[in-house]
Amino acid sequence: MSKSIGIIGSGMIGSQVARLAMAAGYDVVICNSRGPETLTDLIAELGPKARAARLAEVSSGNDIIILAVPFAAYPKLPADILAGKILVDTMNYYPERDGIMGEVKTDKIASSELVQKHLVDSCVVRAINNMDFVRLLSRARPAGHNERSALPVASDFEDAKASVINFLDDIGYDSVNMGALSESWRSEPTMPVYVNPYWRINTVYESGPTDVSSFMTALGNVVSKEKVTDLLRKAVRHDKMYGSLGNFDINKA
Ligand SMILES: NC(=O)c1ccc[n+]([C@@H]2O[C@H](COP(=O)([O-])OP(=O)(O)OC[C@H]3O[C@@H](n4cnc5c(N)ncnc54)[C@H](OP(=O)(O)O)[C@@H]3O)[C@@H](O)[C@H]2O)c1
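Residues numbered from 1 in each chain as written. Predicted model: local features only at pLDDT ≥ 70, side-chain atom pairs only at ≥ 80, totals over all residues.

Novice: Explain the site of the ligand to me, please; I cannot follow it from the model alone.
Specialist: As a structural note, the neighbourhood of the ligand is formed by 25 residues, with Gly9, Gly11, Asn32, Met91 and Phe133 the closest of them. A total of three residues in the shell around the ligand trace back to one element, the largest contributor, which is helix α1 (residues 12-23). Residue classes in the shell around the ligand are distributed as 13 nonpolar, nine polar and three charged. (Near = placed C-beta within 6 Å. Helix = DSSP H or I, 4+ residues; strand = E, 2+ residues; numbered from the N terminus. Nonpolar A, V, L, I, M, F, W, Y, C, P; charged D, E, K, R; others polar.)

Novice: Explain the sheet that holds strand β4 (residues 64-67) here, please?
Specialist: Sheets are built from strands that pair by backbone hydrogen bonding, the pairs being arranged parallel or antiparallel. Reading across the sheet, the eight strands line up as β3-β2-β1-β4-β5-β6-β7-β8 and stay open at both edges, with mixed pairing between neighbours. If you trace the sheet from one side to the other, it starts and ends with β3 (50-52) and β8 (174-179), each paired once. Each neighbouring strand pair of the sheet contributes to a mean axis angle of 25°, computed without reference to strand direction. Contacts from helix α5 (residues 111-118) reach β5 (86-89), β6 (123-126) and β7 (150-155) within the one sheet, and its direction differs from that of β6 by about 165°. In this fold helix α7 (residues 158-171) packs onto β4, β5, β6, β7 and β8, with an angle of close to 160° to the strand it touches most, β7. (Pairing = 2+ DSSP bridges. Axes fitted to C-alpha atoms, helices over the stretch in contact; angles between N-to-C directions. Contact = placed C-beta atoms within 7 Å.)

Novice: Which parts of the structure should I look at to understand α5?
Specialist: Each α-helix turn comprises 3.6 residues. Residues three or four places apart therefore point the same way. Of all eight residues in α5, six are buried; the element is thus mostly enclosed. Inspection of α5 places Ser111, Ser112, Glu113, Leu114, Val115 and Gln116 among the buried residues, and these make up the whole buried set. Buried residues belonging to α5 abut β5, β6 and β7. (Buried ≥ 20, exposed ≤ 12 C-beta atoms within 10 Å, placed from the backbone.)

Novice: Would you take a moment to explain α7 for this structure?
Specialist: Here α7 is 14 residues long and its end C-alpha atoms lie 20 Å apart, about the 20 Å a rise of 1.5 Å per residue gives. What α7 keeps buried is the set Ala160, Lys161, Val164, Ile165, Phe167, Leu168 and Ile171. The arc that holds every buried residue of α7, seen down its axis, measures 160°, which confines them to one face. Pointing more than 90 degrees away from the buried face of α7 are the exposed residues Glu158 and Asp159. Among the structural elements, α1, β4, β5, β6, β7 and β8 are those in contact with the buried residues of α7. (Expected span 1.5 Å × (residues − 1). Arc of directions from axis to C-beta.)

Right, here's the structure in full:
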């Protein structure tokens, strides 16, 4: 039986997940906000097992759908159309990009819990949010490879979580179970497992790429299941768990 995945958002992370999924034998259906006619270059690059569509079609033909849009767009995602689907929430809150969103209170509610509240009849799974899109491709390895990295996964729905763990396994990653969505703050921006361990030697959180050419080319690091487990355990929650692309002071926004 052919495997298929839906992707909402065709930018850096959506297109990279498409590449990984296709390499693992999946058919891919992908959409953006402007319509399938704007995706001809990407589809030409991906090849015949990829197709551009509108969001409703991405949803209707797939059980697992990757949400790869800016966090500010989550309230616009249609809860009725996405009802019953497994939704992989890759979205992180970046105030510079997303604007100030009053519902975000990082010390009280995980961003994926907000997404689940909105998409109330779907099964939201937090995953693929803590690794940058370059390393996501360069560090993927087949099951059993001694350089395999792991990604944290959380959901309030165990069956949905298991399906996403299978998908991650297919595209090149082990998983570490964070538990319910209420625990998913542990993989949000500024936390020890967010981006840096996969990319930099220094695992202290730094905002934004310091050197763009090295960001685009560095192979990155193996981050094993044991290491991810340890980094999740070291997470300490606070009220400014936002991504930043540079010097951004939320108090002056
Ligand atoms: N980039 C990374 O390394 C990375 C890593 C982990 C997680 N993430 C997270 O992944 C998400 C996407 O990031 P990105 O870097 O891939 O962004 P991006 O390159 O700017 O791409 C965003 C995509 O979302 C689409 N989009 C926006 N609003 C939409 C809507 N209402 N319906 C359908 N599609 C919509 C855009 O389509 P149009 O172009 O047509 O508007 C575009 O294809 C973000 O939440 C980010 O925090 C990113």
